[in-house]
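Listed below are the residues making up each chain.
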Amino acid sequence: MILFRLEKSPVVILLLFSLIAVPVMPLELWLVKSLVDHIQLWRPSESIVRILKAAANLGALMFINNIALGVPIPMAMTRLMEIGTHEEQRLLMHHNASLPLAIIESPTAKNQYERAAKVSFSDIYSTGIQLMQTSLLSITLIAMILLFGQWIPALVVVAVASLLWHATGKSAESIERTDRSQTGNRRLLRHYADLMTKREAAKELRLFGLQPLLASRWVQLHQQQSRETLLTASKSEVRKLGPSLLMALLSGLLIALLVLIPHEPELSAGGFSLLFMAFTMLQSQLTSLISQGASMRTMYMRWEDYNAYMKQVGIHDIRVTSSESPAQESSSLVAASASVNELDLRVQQLSFAYPGSEKLAVNDVSFNIPSGCRAALVGHNGSGKSTLVKVLTGLYALSGGDVVWQHSDGNRSPRAERDHMSAVFQDFTKLAITLRENVAISELSELNNDSKLSSTLQAVGSNFTDLDEQIGAAFGGMEPSGGEWQRIVTARALLRNAKFVFFDEPTAALDPAAEKQAFELFLQVTQGRSALMVTHRLGAARLADLILVMKDGVLVESGSHDELMQLEGEYYQMFELQASWYR
Ligand SMILES: Nc1ncnc2c1ncn2[C@@H]1O[C@H](COP(=O)(O)OP(=O)(O)OP(=O)(O)O)[C@@H](O)[C@H]1O
């Protein structure tokens, strides 16, 4: 029990006070009966003390019900809602962080996340408690009614309530099924709304006058959703109509039934009041029971979706395929003259396909990057370069083959430990925090090491000096340009003293002079480390020790610039094409 594990008292208080509240209502009925009987039998010559006593008892019970029980229950529910919401979000975020990137990116997982986020632990618990309380109360009321021999009306009420329970439950399920089927479109609606309201899309939206088009799509989709919801809701209401009408009719009929059915012995006025109130309360309790049951069915469907999402295999549970275990390692793989800090990357027949796609984005790729080698990864758009980097950094689980990180001490692992690598991604994260934090997030132990932070920023050519400057115009800070951002994130990657550095097109937003400088810097700052740099600028790639050429997910060529030029293959053609721009 998740909530109980988090905080016991509100869970116990809600259960305890809800149970205590069960006998209060029947007791109240009994006291009303006794009060009415006393009033009926009272003669002006008698003292009214007995009537006053009965009234006082009733008043005391009402006080207990409203104050003593009325306060702790809502307080406990409020607390449960707070801790429940916090825990739901924490668990979802934690699980999301452990999922392979390829799963998070898939639309199915996005829909599942959306559904999972609808679950409410506190609602499930409090509705369960209410359901239990209402059931117990209804049973007690039925028992009281049976005590007066009124089994026929009791049977009628229960039978009609069962019909309504069934119809309402089915309606709740079909409404929730519609909601579930609309999840993807709801995300799309939000996407349209984001495009129309967020800064990122504002430039093109205004320039190309896209607002009316998006607005009309949003309206159409919204209307379609509303129509579907309305249709399901009306079908549900029609389904409930018969039992609901019967239930409503019963209210009137009950009085007639109570009067008409012969009573043995004769009913007192108090007895009649008790029976009448018991029936009215039973009806209202059964109505609550029905709606609580329907809510419970809705919650159960959300709970199923939540579990389906949480059961997805996290990245730490994925077995990375490995053709050889460390024990079987061939001694030839151990670098003979490797120093303790060295780390070789060996990629063997690596394949990767995005979930739901038959096509391999990376297809049977093999290469080695020995320790200290700075390699460039080149190829046309969509050839699989970024995907390969994401697989090598462990963000995507590979579909086939092997990635082996070979340490100089002979240890091999199918995944480099986080500390061993660093990366600058194409779509790096711009954080609205201080410059200092933006750089130091890769190595938090250096957060207050001003000289190291400043020298790293300087090393990548950044002109920013105020480490405590807030970044991000949206929060009142300064807004670095594209190239300035790239320097910040390059500094971020280099601050970590990693043995292997990945650069996925980090110079794309730099001007030509800055790009040359950045690449020279890249070679300089990665000295003694291994690196893989994705680039479209072949003038930069030629400076690398090794060039890997990708085409349609396949590694088609590899070697030094001179070797590849001599081959006169893919690289040669790309290089000649780029060189012709400058001739
Ligand atoms: N999240 C994704 N889901 C499905 N397919 C994807 C995804 N990301 C990329 N792809 C596909 O995988 C293939 C390789 O894409 P990738 O981004 O790795 O190419 P790239 O060589 O880095 O391209 P570019 O030079 O344009 O950055 C492309 O066909 C692309 O459409």
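Residues numbered from 1 in each chain as written. Predicted model: local features only at pLDDT ≥ 70, side-chain atom pairs only at ≥ 80, totals over all residues.

### Structural notes on the overall build of the chain
Point 1. Helix and strand content of the chain: 21 helices and 10 strands.
Point 2. Here the chain holds 583 residues, and the buried ones make up 30% of them.
Point 3. Taking the intrachain contacts of the chain between residues at least 6 apart in sequence as the baseline, contacts between residues at least 24 apart amount to 77%. (Helix = DSSP H or I, 4+ residues; strand = E, 2+ residues; numbered from the N terminus. Buried ≥ 20, exposed ≤ 12 C-beta atoms within 10 Å, placed from the backbone. Contact = placed C-beta atoms within 7 Å.)

### Notes on helix α2 (residues 8-21)
Point 1. The terminal C-alpha atoms of α2, which comprises 14 residues, lie 20 Å apart, in line with the 20 Å expected from a rise of 1.5 Å per residue.
Point 2. Within the sequence span of α2, burial applies to Pro10, Val11, Leu14 and Ser18. Along the long axis of α2, the arc covered by the buried residues comes to 105 degrees, so they all point the same way. Exposed residues lying more than 90 degrees from the buried face of α2 are Lys8, Ser9 and Val12. (Expected span 1.5 Å × (residues − 1). Arc of directions from axis to C-beta.)

### Brief notes about unusual backbone geometry
Point 1. Backbone geometry places Asp552, a non-glycine residue, at a positive phi of 50 degrees.
Point 2. By secondary structure assignment, the location of Asp552 is in the loop between β9 (546-551) and β10 (554-559).
Point 3. The class of Asp552 is partly exposed, set by 14 C-beta atoms lying within 10 Å.
Point 4. At Glu568, a position not held by glycine, the phi torsion is positive, near 55 degrees.
Point 5. Position of Glu568 among the secondary structure elements: in the loop between α20 (561-567) and α21 (570-582).
Point 6. By the C-beta count within 10 Å, which is 10 here, Glu568 ends up exposed.

### Section: the domain arrangement of the chain
Point 1. Each assigned domain of the chain is listed with its residue range as follows: domain 1 (8-315) and domain 2 (326-582).
Point 2. In this complex, domain 1 contributes six residues to the contact, which on the side of domain 2 involves seven residues.
Point 3. Counted by class, the side of domain 1 that touches domain 2 contains five nonpolar, one polar and no charged residues. (Domains from an automatic or database assignment. Nonpolar A, V, L, I, M, F, W, Y, C, P; charged D, E, K, R; others polar.)

### Here's the deal with the nonpolar core
Point 1. Counting residues in each nonpolar core, the largest one holds 63 residues, and the members touching the most others are Ala375, Leu377, Met533 and Ile547.
Point 2. Looking at this core, the element that brings in the most residues is helix α17 (residues 482-495), giving six residues.
Point 3. Both domains that furnish three or more residues to this core are identified here as domain 1 (8-315) and domain 2 (326-582).
Point 4. Residue contacts for Ala375: discarding those within four places in its chain leaves Ile369, Ala531, Leu532, Ala544, Asp545, Leu546 and Leu548.
Point 5. In this structure, Leu137, Val157, Ile290 and Ala294 belong to the second largest nonpolar core, which totals 23 residues. (Core = buried A, V, L, I, M, F, W, Y, C linked by C-beta atoms within 7 Å.)

### Digging into the packing of helix α7 (residues 107-116) against helix α10 (residues 183-197)
Point 1. Viewed as axis vectors pointing N to C, α7 and α10 meet at an angle of 90 degrees, and their least axial separation amounts to 9 Å. Between α7 and α10, the angle falls in the class roughly perpendicular. Counting all contacts with α7, which are made through Pro107, Lys110, Asn111, Glu114 and Arg115, the residues of α10 involved are Thr183, Gly184 and Arg187.
Point 2. Tallied by class, the residues present in the contact of α7 with α10 amount to one nonpolar, three polar and four charged. (Axes fitted to C-alpha atoms, helices over the stretch in contact; angles between N-to-C directions. Parallel < 35°, antiparallel > 145°, perpendicular 65-115°, else oblique.)

### Notes on the UniProt feature "transmembrane region" (unreviewed entry) in the chain
Point 1. UniProt records the feature "transmembrane region" (unreviewed entry) at residues 12-31, 51-71, 136-165 and 245-263, using the numbering of this structure.
Point 2. Counted over residues 12-31, helix gives 90% and strand 0%. Its end C-alpha atoms are 29 Å apart. (UniProt positions renumbered as here; feature names shortened; annotations may be inferred.)

### Let's talk about the site of the ligand
Point 1. The full set of residues close to the ligand is Glu105, Tyr354, Ser357, Ala361, Gly379, Asn381, Gly382, Ser383, Gly384, Lys385, Ser386 and Thr387.
Point 2. Tallying contributions element by element places helix α14 (residues 385-392) first for the shell around the ligand, with three residues.
Point 3. Residues belonging to the shell around the ligand are distributed by class as follows: two nonpolar, eight polar and two charged. (Near = placed C-beta within 6 Å.)

### Digging into the sheet that holds strand β8 (residues 530-534)
Point 1. Taken together, the six strands give an open sheet; going across it, the order is β6-β7-β8-β3-β9-β10, and neighbouring strands pair in mixed fashion. Each edge of the open sheet is held by one strand with a lone partner, namely β6 (421-424) and β10. Between one strand axis and the next, the sheet turns by 15 degrees as a mean value, whatever way the strands run.
Point 2. As defined by bridge partners, β6 adjoins strand β7 (residues 500-504) across four bridges and the pair is classed as parallel. When the bridges of β7 are listed, Met421 appears paired with Phe500.
Point 3. Along the sheet face, α14 touches β3 (374-379), β7, β8 and β9 and points at about 150 degrees away from the line of β8.
Point 4. Across the face of the sheet, α17 comes into contact with β6 and β7 while running at roughly 175 degrees to β6. (Pairing = 2+ DSSP bridges.)

### Some details on the environment of Phe4
Point 1. Relative to the helices and strands, Phe4 resides in helix α1 (residues 2-6).
Point 2. Judged by C-beta crowding, with 13 C-beta atoms within 10 Å, Phe4 ranks as partly exposed.

### Re α17
Point 1. Relative to the 20 Å expected for 14 residues at 1.5 Å per residue, α17 spans 20 Å between its end C-alpha atoms, a close match to the ideal helical length.
Point 2. All of the buried residues in α17 are Gln486, Arg487, Ile488, Val489, Thr490, Ala491, Arg492, Ala493, Leu494 and Leu495.

### Brief notes about the environment of Pro100
Point 1. Tracing the backbone through its elements, the reader meets Pro100 in the loop between α5 (72-98) and α6 (101-105).
Point 2. The class of Pro100 is buried, set by 22 C-beta atoms lying within 10 Å.
Point 3. For the pair formed by Pro100 and Met296, sequence separation is 196 residues and the distance between their alpha carbons is 32 Å.

### Observations regarding the environment of Pro243
Point 1. By secondary structure assignment, the location of Pro243 is in helix α12 (residues 211-260).
Point 2. Separated by 82 residues in the primary sequence, Pro243 and Ala161 place their C-alpha atoms 7.5 Å from one another.
Point 3. Setting aside residues no more than four positions away along its own chain, Pro243 makes contact with Val160, Leu163, Leu164 and Ala167.

### Some thoughts on the confidence of the model for the chain
Point 1. For the chain, per-residue confidence averages 84 on the pLDDT scale, and residues scoring 70 or more make up 88% of the total.
Point 2. Per-residue pLDDT, averaged within each element of the chain, yields its smallest value for helix α18 (residues 512-525) (67) and its largest for β9 (96).
Point 3. Counting contacts from residues 315-340, a segment whose pLDDT is below 50, to residues more than four positions away or on other chains yields 35 contacts.
Point 4. For this predicted complex, the interface confidence reaches an ipTM of 0.98, while the overall pTM sits at 0.71. (pLDDT = per-residue confidence, 0-100.)

### Notes on the packing of helix α16 (residues 450-459) against α17
Point 1. Where α16 meets α17, the axes come as close as 9 Å, and the angle between the chain directions of the two elements is 125 degrees. One way to sum up the angle between α16 and α17 is to call them oblique. With respect to the hand of their crossing, α16 and α17 are arranged in right-handed fashion. For the pair α16 and α17, contact is made by Thr456, Leu457 and Ala459 and by Ala491, Leu494 and Leu495, respectively.
Point 2. In the contact of α16 with α17, the residues fall into five nonpolar, one polar and no charged. (Left-handed = near helix turned anticlockwise from the far one by under 90°.)

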